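What follows is the residue order along each chain.
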Amino acid sequence: MKAYLINPFAREVTEVEYSGDFEQIYDFLGGVRCFTCVTINQEGDGVFVDDEGLFNGDNEFFTVTGYPEPLAGFGLVLGCDPEGESVAPALTLEDLRDRVKFWDRWEIISHRWERTAA
């Protein structure tokens, strides 16, 4: 199924193919140990990210309109159906690209993102 990969290192958002196997999420996120998901709209779209990403000093960051905090490392965007199963996102690739802003770690540390994200 269609999914979107947010790559803050290359500062790009691309469409990828997700098999539906949750193990593949680990691969998309760069081989992380554990992941979490944050909701970014009322349609149930969410961004899967490294649950320990904030502890990794080598990460770059991004923000997504619809979620109030910066996210660290890669992000995988999927939708969610009423039964809680992953589905293709409701957002289009173009809409997601308009909602994502990339930040380096120094902008996050200095809280610059807070002054410009609003």
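Predicted model only: the values in this text are computed from it and were never measured.

Chemist: Looking at this model, I keep getting lost on the overall build of the protein. Mind explaining?
Modeler: Across its full length, the protein holds four helices and nine strands. Taken from N to C terminus, the helices and strands of the protein fall in the order β-β-α-β-β-β-β-β-β-α-β-α-α. A compact globule built from 118 residues should have a C-alpha radius of gyration of about 13 Å, and the protein, at 13 Å, falls within 12% of that. Counting only C-alpha atoms and orienting by the principal axes, one finds that the protein spans roughly 40 × 30 × 25 Å.

Chemist: What should I look at first to understand the sheet that holds strand E6 (residues 71-72) in this one?
Modeler: Sheet strands pair by backbone hydrogen bonding; their relative direction is either parallel or antiparallel. Taken together, three strands build an open sheet; the order of strands is E6-E5-E9 and the sheet is antiparallel. Each end of this open sheet is capped by a strand with a single partner; those strands are E6 and strand E9 (100-103).

Chemist: Which parts of the structure should I look at to understand unusual backbone geometry?
Modeler: Generally, phi is negative for residues other than glycine and the peptide bonds are trans, each holding for most cases. For Arg11, which is not glycine, the phi torsion reads 55 degrees and is therefore positive. Relative to the elements of secondary structure, Arg11 occurs in the loop between strand E1 (2-7) and strand E2 (12-17). In this structure Arg11 comes out as partly exposed when scored by relative accessible area, which is 44%.

Chemist: Help me out: how do you make sense of the pattern of salt bridges in this one?
Modeler: When the charged atoms of two side chains with opposite charge come close together, those side chains can pair. Across all of its chains, the model carries two salt bridges by this definition. One salt bridge connects Arg33 with Glu52, and the closest N-O pair in it is separated by 2.5 Å. Residue Arg33 is located in the loop between helix H1 (23-28) and strand E3 (35-39), and its partner Glu52 is located in the loop between strand E4 (46-50) and strand E5 (61-64); the two are separated by 19 residues in the primary sequence. Relative accessible area serves as the criterion here: at 67%, Arg33 is assigned to the exposed category. The partly exposed category is assigned to Glu52, whose relative accessible area is 26%.

Chemist: How do you make sense of the pairing of E1 when you look at a structure like this?
Modeler: It is a general feature of regular strands that their side chains alternate between the two faces of the sheet. Counting buried positions along E1 yields five of six residues, so the element is predominantly enclosed. Judged from the six bridges that link them, E1 and E2 form a sheet pairing that is antiparallel. Opposite Asn7, over in E2, you have Glu12 as the bridge partner. In this structure, the hairpin formed by E1 and E2 is closed by a connection of four residues, where Arg11 is found at a positive phi of approximately 55 degrees. Relative to strand E7 (residues 75-80), E1 runs antiparallel, the two being bridged by three bridges. Bridge pairing in E7 links Tyr4 to Val77.

Conventions used here
The written sequence of each chain sets the order in which its residues are numbered from 1. It should be noted that, the model being predicted, local features are given only for residues of pLDDT at least 70 and side-chain atom pairs only at 80 or more, the latter also being counted only at that level, while totals for whole chains, interfaces and linings use all residues. The basis for the side-chain values is all heavy atoms of the structure; hydrogens and waters are excluded. Labels follow the DSSP assignment, with helices taken as runs of H or I lasting at least four residues and strands as runs of E lasting at least two, numbered in each case from the N terminus. For this measure, only C-alpha atoms enter the radius of gyration; the expected value for a globule follows 2.2 Å times N^0.38, where N is the number of residues. Pairing between strands requires that DSSP locate at least two bridges from one strand to the other. Buried residues are those whose accessible area, probed at 1.4 Å on protein chains only, stays under 20% of the maximum for their type, while exposed residues exceed 50% and partly exposed ones sit between those limits. By definition, a salt bridge exists where a carboxyl oxygen of Asp or Glu is found within 4 Å of a side-chain nitrogen of Lys or Arg.

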